[in-house]
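Each chain, letter by letter, is given below.
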Amino acid sequence: MTLRIAEIFGPTIQGEGALIGEPTVFVRAGGCDYRCSWCDSLHAVDSQYRHSWAPMSTDDVWRRVRKLSKDQPLTVSLSGGNPAIQDFGPLIRMGKAAGYRFACETQGSIARPWFADLDTLVLSPKPPSSGERIDWDAFDACRTLGAQARQQVMKIVIFDEIDYHWAREVHAHHLDIPLYLQPGNPEVDPATPVDPQALADRLGWLTELAMTDHWFAPRILPQLHVLIWGNKRGV
């Protein structure tokens, strides 16, 4: 089986969501069924970058993960693009047999049986600012197939008040799943320096909005990797 891999990197820390701060090796898949307006990983999404995606066997990916982690089990995060386009089931089974943990982040547009083998399934439906429309039947299918994962969480990126109110509506239909919110970073060009104060201001804005509404369900977190490394690609 051949996988299309945009990059494999780490160990570094997970920068967002339920596993924030956790030492992680990232396996970024090439290819996506979405084209979000503010995508910060177009090198793993747009077909114009296909020439840079490496065709790798499951064994090749596994050897790379082991080399980067020096055979010390940690969390392997499957990201993209949309990793659900491809079959990572054999890699997950191979890694878990050696004591590694696996997380996957996907928008919830494609359901895969291997979701059940994950330690953490992060469903990240894209808000209105993305320009995408959610297929909620597909999202529910992802939830069903991922029900046996050790944990299933939802993460939503918030860019404006429309996104915020949309997230509240989505949460009302999925009250049983832990919710993580983070303010979006509007600057995605790797060459553009990040303004830490602007990011802090956006985090404060989102926090104040939720607290004023007495909406205490979500955990509100920064994009830690952006605060530390800026818009540098590959972190």
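Our subject is the structure that appears above.
Residues numbered from 1 in each chain as written. Predicted model: local features only at pLDDT ≥ 70, side-chain atom pairs only at ≥ 80, totals over all residues. Heavy atoms only, no water.

1. Things to note about the packing of helix 1 (residues 58-69) against helix 2 (residues 89-97)
At a minimum axis distance of 10 Å, the contact between helix 1 and helix 2 shows a crossing angle of 40°. Comparing the axis directions of helix 1 and helix 2 gives the class oblique. In this structure, the crossing between helix 1 and helix 2 has a hand that is right-handed. On helix 2, the residues that touch T58, D59, V61 and W62 of helix 1 are P90, L91, M94 and G95. Considering only residue class, the contact of helix 1 with helix 2 consists of five nonpolar, two polar and one charged. (Axes fitted to C-alpha atoms, helices over the stretch in contact; angles between N-to-C directions. Helix = DSSP H or I, 4+ residues; strand = E, 2+ residues; numbered from the N terminus. Parallel < 35°, antiparallel > 145°, perpendicular 65-115°, else oblique. Left-handed = near helix turned anticlockwise from the far one by under 90°. Contact = heavy atoms within 4.5 Å. Nonpolar A, V, L, I, M, F, W, Y, C, P; charged D, E, K, R; others polar.)

2. Remarks on the pattern of salt bridges
Side chains bearing opposite charge may pair, as long as their charged atoms lie close to each other. Scanning the model with the defined rule gives ten salt bridges in all. A salt bridge links D60 to R63; its shortest N-O distance comes to 2.5 Å. Residue D60 and its partner R63 are located together in helix 1, separated by three residues, close to a single helical turn. You can call D60 partly exposed: its relative accessible area is 31%. Across the pair D213 and R168 runs a salt bridge whose closest N-O atoms are separated by 3.5 Å. Residue D213 is found in the loop between helix 5 (196-212) and strand 9 (219-220), and its partner R168 is found in helix 4 (residues 161-173); the two are separated by 45 residues along the sequence. (Salt bridge = Lys/Arg side-chain N within 4 Å of Asp/Glu carboxyl O. Buried < 20%, exposed > 50% of the residue type's maximum accessible area, 1.4 Å probe, protein only.)

3. Section: the side chain of E7
With respect to the helices, strands and loops of the structure, E7 is situated in strand 1 (residues 2-13). You can call E7 buried: its relative accessible area is 16%. A polar contact of 2.8 Å, which involves the side chain of E7, links it to the side chain of R28. (Polar contact = N/O pair within 3.5 Å; in protein donor to acceptor, adjacent residues only side chain to side chain.)

4. Considering the side chain of T58
By the secondary structure assignment, T58 is in helix 1. Residues within four places of T58 in sequence aside, it is in contact with M1, L3, P90, L91 and M94.

5. Things to note about helix 2
Listing the buried residues of helix 2 in full gives G89, L91, I92 and G95. Within helix 2, the buried residues cover an arc of 160° as seen down the axis, which keeps them to one side. The elements touched by buried residues of helix 2 are helix 1, strand 4 (75-79) and strand 5 (101-106). Following helix 2 by one or two positions, G99 has its phi on the positive side, about 95°. (Arc of directions from axis to C-beta.)

6. Some points on unusual backbone geometry
Here G10 and P11 are connected by a cis peptide whose omega angle stands at -5°. By the element assignment, P11 lies in strand 1. Residue G81 follows G80 across a cis peptide bond; omega there is 10°. Summarising the element assignment, G81 is placed in the loop between strand 4 and helix 2. The backbone of D71 sits at a positive phi, close to 60°, despite the residue not being glycine. Given a relative accessible area of 44%, D71 falls into the partly exposed group.

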